[in-house]
Amino acid sequence: MHSNVHAAVINKYNFSYDTVSNVIEGNGLYWKRWDESTGLSIDSALSQFSVDGWRVATSREMISMYNVFIPAFNWGIVVDENSGRGETISVPDYQNLVSIFGSSLDAFGGISNVLFGSDLDADGFYRVAYAQYSDYDPIAGIGADNPRYESSFSDSSYSVQLVKEVSVPAPSNIFLMVIFFILGKAIVLLKKNQN
């Protein structure tokens, strides 16, 4: 029996989601989808994924991503980890966000509570970004760090936002040899022309 796998890449703004690898690329980073870490604590997500270079997204990275997907609001005002903001957002903004990032819990149109942050104030607390439907309209926000969200906190309706740097492939040895050969020839020709 033969089955065909159909690869698809979903693009929104400067983000792309590859449905085969289940990885998102955008803003110079690879991002894990929210459904990949549902129910994990920050500690357990890092234990599982950090060996491959994944780390918890910083406040600046999450805010930058929210500014792309939910541009009607200035999310930059909550860069301080002790500040937060919540807003009613448009249906298209919500749909664009979850078409790329998925959701932590597929209920009621999708519920996403995503842990992130760097704990810069060393209080042991992290932040949550959320996107979900309220009674009538979608809402989204970025919360201040909270004593509830320690690195060991987990819940079946929460995810952890993991990111890693986009790797730039190193030049191959053959490419370097060709460059050095060309440079060598150029130097020889320059010396001949000077004499």
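Just so we're clear, the structure is a prediction, and the values are computed from it rather than from any experiment. (Residues numbered from 1 in each chain as written. Predicted model: local features only at pLDDT ≥ 70, side-chain atom pairs only at ≥ 80, totals over all residues. Heavy atoms only, no water.)

What the five strands build is an open sheet, ordered 6-9-8-7-10; its pairing is mixed. Every other strand in the sheet has two partners, leaving strand 6 (85-88) and strand 10 (158-160) as the edge strands with one partner each. Taking each pair of neighbouring strands and ignoring which way they run, the sheet shows an average axis angle of 20°. Across five bridges, strand 8 (residues 127-133) lies against strand 9 (residues 138-142) in antiparallel orientation. In the strand pairing of strand 9, Ala131 is matched with Ala140. Sitting on the sheet, helix 2 (residues 59-69) touches strand 7 (111-116), strand 8 and strand 9, and the angle it makes with strand 8 is about 25°. (Pairing = 2+ DSSP bridges. Helix = DSSP H or I, 4+ residues; strand = E, 2+ residues; numbered from the N terminus. Axes fitted to C-alpha atoms, helices over the stretch in contact; angles between N-to-C directions. Contact = heavy atoms within 4.5 Å.)

Here we have six strands laid out as an open sheet, ordered 1-2-3-4-11-5, and antiparallel in their pairing. Strands at the two margins of the open sheet, each flanked by one partner only, are strand 1 (9-12) and strand 5 (55-56). As paired strands, strand 1 and strand 2 (residues 15-18) are joined by four bridges and run antiparallel to one another. Bridged to Lys12 within strand 2 is Phe15. In the packing of helix 2 onto the sheet, the strands contacted are strand 1, strand 2, strand 4 (29-32), strand 5 and strand 11 (162-165), and the crossing angle to strand 4 comes to about 85°. Packed on one face of the sheet, helix 3 (residues 91-101) meets strand 1, strand 2, strand 3 (23-26) and strand 4 and runs near 145° to strand 1.

This part takes up the pattern of salt bridges. Taken as a whole and judged by the stated rule, the model has five salt bridges. Across the pair Lys32 and Glu36 runs a salt bridge whose closest N-O atoms are separated by 3.5 Å. We classify Lys32 as buried; its relative accessible area is 9%. Salt-bridge contacts for Glu87 lead to Arg85; the nearest nitrogen and oxygen are separated by 2.7 Å. Salt bridges sharing partners connect three or more residues here, namely Arg55, Glu61 and Glu165. (Salt bridge = Lys/Arg side-chain N within 4 Å of Asp/Glu carboxyl O. Buried < 20%, exposed > 50% of the residue type's maximum accessible area, 1.4 Å probe, protein only.)

Turning next to helix 1 (residues 42-49). Of the residues making up helix 1, those classed as buried are Ile42, Ala45 and Phe49. The arc that holds every buried residue of helix 1, seen down its axis, measures 65°, which confines them to one face. Buried residues belonging to helix 1 abut strand 4, strand 5, strand 7, strand 10 and strand 11. (Arc of directions from axis to C-beta.)

Moving on to the pairing of strand 8. When you tally the buried positions in strand 8, you get five out of seven residues, the bulk of the element. Relative to strand 8, strand 7 runs antiparallel, the two sharing six bridges. When the sheet's bridge partners are listed, Leu115 is paired in strand 8 with Val128. Hairpin connection, strand 8 to strand 9: the antiparallel pair is bridged by four residues.

A word on the pairing of strand 7. Burial runs high along strand 7: six of the six residues are buried. Judged by which residues are buried, strand 7 turns out to be covered on both faces: Ile111, Asn113 and Leu115 on one side and Ser112, Val114 and Phe116 on the other are all buried.

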